[in-house]
Amino acid sequence: MSGTSTITAPTGSPDAREAELLARVPSGLFIGGKWIDSADGSTLDVFDPSTGTRIKTIASARAADGVAALDAAVAAEQSWASTAPRVRGEILRRAFDLLTERADDFALLMTLEMGKPLAEARGEVAYGGEFLRWFSEEAVRISGRYGQNPEGTGTMVVSQRPVGPCFLITPWNFPLAMATRKIAPALAAGCTVVIKPAALTPLTTLMFVALLEEVGLPAGVVNVLTTSHTAEVSDPIIADPRLRKLSFTGSTPVGVSLMKQAADTVLRTSMELGGNAPFVVFGDADLDRAVDGAVAAKFRNTGQACTAANRFIVHSSVAGAFADRLATRVGAMIVGRGTGEGVNIGPLINDKAVDKADALVLDALSRGARLVIGGARVEGTGGSFYEPTVLTSVARDSDILRDEIFGPVVTIVEFETEDEAVALANNTEYGLASYVFTDDLARGQRMIDRIDTGMMGLNTGLISNAAAPFGGVKQSGLGREGGLEGIHEYLSTKYTLIPR
């Protein structure tokens, strides 16, 4: 099979609805409960990746703004920590309700600044909102232990306390969910925060924090720094001994650098880093179900997700049929601006991302891979589009099997035995997500034990849920977000002995 998906031409400037929404998004920094300009008036431009056009200009923080934001978070910490858990939870619940009410606004804004199809943006609003609802309920369930010590000489009291002011750094690919997944547990635990969204997609965070202000969050509890001067702003915050927690989602190299900085003050860290997810299809798998799972695990967010399936490891007996069925689905995809009718593949975040995907595909082809469908950048749109692509017979030394693609490209490698599949799946320094398709229950249980990832989808391509612990092993990070575990990332344990 050859050819490509349907390409729709993006429109140019925002229409009236889009322009009205963009005008309502705050353009300043939010520090100590006030919207302000940066210390020296610096600004940054935000672009629509589907057209390459500027959609808004906002404040770009400098070092002095970072210090001011941390000052505000420190000043508010004691009051917020002593606020009743029920009150903290109710603020989060009001935020959930108002976000749900304004879902269309948030979805459209994400599509404008990040490019994802509108239907997926609506899904992210629902997913991101669930962290507000989940942690509004967890705020009142923070517990400890009380009991006699083994010697009988006293009573042990184990309690949980807020860790303190937090610095949250979020990525560009899920502008709402990454903010709520970090802010919600921090607030539920009684911590104040400074959040720095990615410079590529800062608008959703600004509008969300305005919503938090509207539902009654006290001044200084959440502070927002949008900036194109990342190191200048972040380094002094991380070095400040008053900061007690750093949570970062992004690439492994940046995460490693941040952990080195955090070591100087023994700063508590959570790191959600890179991924290279294997998608294993055994010969006994339901192929229709596996193809559905592949579409979900690979093409969600145009492949721009750390959980995206990166390496498709398919048994030789079904590899041809799997590739053909998947290519048929890919051929029916519509590529275009996320607001377009029926569009399910949006742009990549910028031209650099397109260059990376194209280089990885060309390298694979040069090593003998076979192009089934796609395989080229989309020209003439003004945006950063790449065709959804399927490659088979990918050589095992190809760059595309080692590097995180972050694009809509499927790479298929064949295997013969279960041990070979496991070895291929584990042949990476990453360990975030994995996907396994088999109708053999015993084999599925073995894969849970044998594949080294923090999360697995067994016969499903969608695994993220606010009630589940999200995170990886090896160079995919430290700590967990979401679930019962998520709030404990923002709590410290205190033990007290009361003698008898």
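My aim in this report is to walk through the structure given alongside it, one point at a time. Here the residue numbering is sequential within each chain, running from 1 through the sequence in written order. Selection of residues for local features in this predicted model requires a pLDDT of at least 70, selection of side-chain atom pairs for listing and counting requires 80 or more, and totals for whole chains, interfaces and linings are taken over all residues. The side-chain numbers reported here are obtained from all heavy atoms of the structure, hydrogens and water having been left aside.

## Examining the overall build of the protein chain
Going along the chain from the N terminus, every DSSP run of H or I of four or more residues is numbered as a helix, and every run of E of two or more is numbered as a strand. A count of helical and extended segments in the protein chain gives 16 helices and 26 strands. With C-alpha atoms as the basis for the radius of gyration, the globule rule is written as 2.2 Å multiplied by the number of residues raised to the power 0.38. In terms of overall dimensions, the protein chain is globule-like: its C-alpha atoms have a radius of gyration of 23 Å, near the 23 Å expected for 500 residues. Overall, the C-alpha framework of the protein chain stretches about 70 × 65 × 40 Å when taken along its three principal axes. A 1.4 Å probe rolled over the protein chains alone gives each residue an accessible area, and that area as a share of the maximum for its type sets the label: buried under 20%, exposed over 50%, partly exposed in between. Within the protein chain, the fraction of its 500 residues that count as buried is 57%. Considering only contacts within the protein chain whose residues lie at least 6 apart along the sequence, 73% involve residues at least 24 apart. The Shrake-Rupley method, run with a 1.4 Å probe, gives the accessible areas here. Residue values count only the displayed protein chains as cover. Just so you have it, the protein chain exposes about 18800 Å², and 52% of that area is on carbon and sulfur atoms. Charge assignment: positive for Lys and Arg, negative for Asp and Glu; neither His nor the chain ends contribute. Charge positions are represented by NZ for Lys, CZ for Arg, CG for Asp and CD for Glu. Of the charged side chains in the protein chain, 46 are positive and 58 negative, and the gap between their average positions amounts to 5 Å. Note on contacts: a residue pair qualifies if any of its non-hydrogen atoms lie within 4.5 Å across the two residues.

## Some remarks on the sheet that holds strand S7 (residues 154-162)
Think of it this way: DSSP has to see at least two bridges between two strands before they count as a pair. Ordered by their spatial adjacency, 3 strands build an open sheet running S6-S7-S26, and the pairing between neighbours is antiparallel. The sheet is open, and its two edges are formed by strand S6 (145-148) and strand S26 (491-499), each paired on a single side. The mean angle between the axes of side-by-side strands here comes to 15 degrees, regardless of whether they run parallel or antiparallel. Inspection of the sheet shows S6 paired to S7 by 4 bridges, in the antiparallel sense. Looking at the pairing, Tyr146 lines up with Val157 of S7. An axis is simply a line fitted to the C-alpha atoms; with a helix, the fit covers only the stretch in contact. Between two such axes, the angle follows the N-to-C directions and lies from 0 to 180 degrees.

## Remarks on the environment of Val25
Of note, Val25 is situated in the loop between helix H1 (16-24) and strand S2 (29-31). When the C-alpha positions of Val25 and Ala179 are compared, they lie 16 Å apart, and in sequence the two are 154 residues distant. When near neighbours in sequence (up to four residues on either side) are disregarded, Val25 contacts Lys56, Leu109, Leu203, Leu206 and Met207.

## Quick word on helix H11 (residues 319-331)
Helices are assigned an expected span. That span is 1.5 Å times one less than the residue count. If you check H11, its first and last C-alpha atoms are 18 Å apart, about what 13 residues at 1.5 Å a residue would give, namely 18 Å. Within H11 the residues assigned to the buried category are Ala319, Phe322, Ala323, Leu326, Ala327 and Val330. Looking straight down H11, one finds that the buried residues subtend no more than 125 degrees of arc, so they occupy a single side. Summarising the contacts, the buried residues of H11 are in contact with strand S13 (277-281), helix H10 (287-299), strand S14 (309-315), strand S16 (370-373), strand S19 (389-392) and strand S20 (409-415). This arc is built from the directions going out from the helix axis to the C-beta atoms.

## So, the nonpolar core
A general feature of soluble globular proteins is that nonpolar side chains tend to end up buried together. Val222, Phe279 and Phe322 are the most contacted members of the largest nonpolar core, which has 105 residues in total. When residues of this core are assigned to their parent elements, the largest contribution, 9 residues, is made by helix H6 (residues 177-189). Setting aside residues no more than four positions away along its own chain, Val222 makes contact with Phe30, Ile183, Leu187, Val193, Ile195, Val209, Leu212 and Leu217. Among buried residues, the Ala, Val, Leu, Ile, Met, Phe, Trp, Tyr and Cys ones that are joined through side-chain atoms within 4.5 Å form a nonpolar core. Counting residues in hydrophobic clusters, the runner-up holds 32 residues, among them Phe282, Ala364, Ala369 and Leu401.

## Focus: the side chain of Thr205
Residue position: Thr205 is located in helix H7 (residues 203-214). Beyond its immediate stretch of four places on either side in the chain, Thr205 contacts Pro175, Ala179, Ile195, Pro197 and Val224.

## A short note on the packing of aromatic side chains
To describe a pair of aromatic rings, you give the distance between the ring centres and the angle between the ring planes. Whether two aromatic rings pair depends on their centres lying within 6.5 Å, for rings of Phe, Tyr and Trp, where Trp uses its six-membered ring; planes under 30 degrees apart make the pair stacked, over 60 edge-to-face, and the rest tilted. Within this structure, the stated rule accounts for 9 aromatic pairs. An angle of 35 degrees between the planes, with centres 5.9 Å apart, marks the rings of Phe279 and Tyr435 as tilted. A residue pair is termed long-range when its members are at least 10 positions apart, and Phe279 in strand S13 and Tyr435 in strand S22 (residues 433-437) qualify at 156 residues. Residue class for Phe279 comes out buried when judged on its relative accessible area of 0%. Geometrically, a charge over a ring is one whose NZ (Lys) or CZ (Arg) sits within 6 Å of the ring centre while staying within 35 degrees of the ring normal. Lying over the aromatic face of Tyr127, Arg300 brings its terminal NZ or CZ to 6.0 Å of the ring centre.

## A closer look at the pattern of salt bridges
For salt bridges, the criterion is a side-chain nitrogen of Lys or Arg within 4 Å of an Asp or Glu carboxyl oxygen. One pass over the structure, following the stated rule, counts 35 salt bridges. One salt bridge connects Glu130 with Arg133, and the closest N-O pair in it is separated by 2.6 Å. Remark: Arg133 and Glu130 occur in helix H5 (residues 118-138); sequence separation between them is 3 residues, near one turn of the helix. A salt bridge links Arg402 to Asp399, with the nearest nitrogen and oxygen atoms 3.0 Å apart. Here the residue Arg402 and the residue Asp399 both occupy positions in helix H13 (residues 399-402), the gap between them amounting to 3 residues, near one helical turn. Among the charged side chains, a network of salt bridges with common partners joins Asp284, Glu418, Asp419, Arg443, Arg446 and Arg450.

## Remarks on the environment of Ala231
Along the chain, Ala231 turns up in helix H8 (residues 230-239). Relative accessible area serves as the criterion here: at 45%, Ala231 is assigned to the partly exposed category.

## Structural notes on the pairing of S22
When you tally the buried positions in S22, you get 5 out of 5 residues, the bulk of the element. Residues Ala433, Tyr435 and Phe437 point to one face of S22 and Ser434 and Val436 to the other, with burial holding for every one of them. Here S13 runs beside S22; their pairing, made up of 3 bridges, is parallel. When the sheet's bridge partners are listed, Val280 is paired in S22 with Val436. Regarding the hand of the β-α-β motif, the stretch spanning S22, helix H15 (residues 441-450) and strand S23 (residues 455-458) is right-handed. When the strands point away from the viewer, a crossover counts as right-handed if the route from the first strand across the helix to the second turns clockwise.

## Observations concerning the packing of helix H3 (residues 85-101) against H7
Two quantities define a packed helix pair, namely the angle between the helix axes and the distance between the axes. Two elements in contact, H3 and H7, have axes whose closest approach is 9 Å; the angle formed by their N-to-C orientations is 125 degrees. On the basis of the axis angle, H3 is oblique to H7. H7 is crossed by H3, and the crossing has right-handed handedness. Only Leu211, Leu212 and Glu214 of H7 make contact with H3, whose side of the interface consists of Ala95, Leu98 and Leu99. Here the contact of H3 with H7 is composed, by residue class, of 5 nonpolar, no polar and 1 charged. Just so you know how the angles are binned, under 35 degrees is roughly parallel, over 145 roughly antiparallel, 65 to 115 roughly perpendicular, and the rest oblique. For a crossing to be left-handed, the near helix must be turned anticlockwise from the far one by less than a right angle; the clockwise case is right-handed. Any residue outside Ala, Val, Leu, Ile, Met, Phe, Trp, Tyr, Cys, Pro, Asp, Glu, Lys and Arg is labelled polar, Gly included; the first ten of those are nonpolar and the last four are charged.

## Quick look at the sheet that holds S19
Within the open sheet, the 7 strands sit side by side as S16-S19-S20-S14-S13-S22-S23. Their pairing is mixed. Each edge of the open sheet is held by one strand with a lone partner, namely S16 and S23. The average undirected angle you get between the axes of adjacent strands in this sheet is 20 degrees. For S13 and S14, the ladder comprises 5 bridges, and the chain directions are parallel. Bridging from a neighbouring strand, Val280 pairs with Ile313 of S14. Those strands touched by helix H14 (residues 418-426) are S13, S14 and S20, and its axis lies near 145 degrees from that of S20.

## Here's the deal with the environment of Thr453
Residue placement: Thr453 occurs in the loop between H15 and S23. Along the backbone, Thr453 and Gly471 are 18 residues apart, and their C-alpha atoms lie at a distance of 8.8 Å. Look past the residues within four positions of Thr453 in its chain and what remains in contact with it is Gly431, Leu432, Ala433, Ser434 and Val473. Whenever two N or O atoms come within 3.5 Å, that pair is a polar contact, provided that in protein one can donate a hydrogen and the other can accept it, and provided that, for residues adjacent in sequence, both atoms are side-chain atoms. Polar side-chain contacts of Thr453 include one of 2.8 Å to the side chain of Ser434. A polar contact of 2.9 Å, which involves the side chain of Thr453, links it to the backbone oxygen of Met455.

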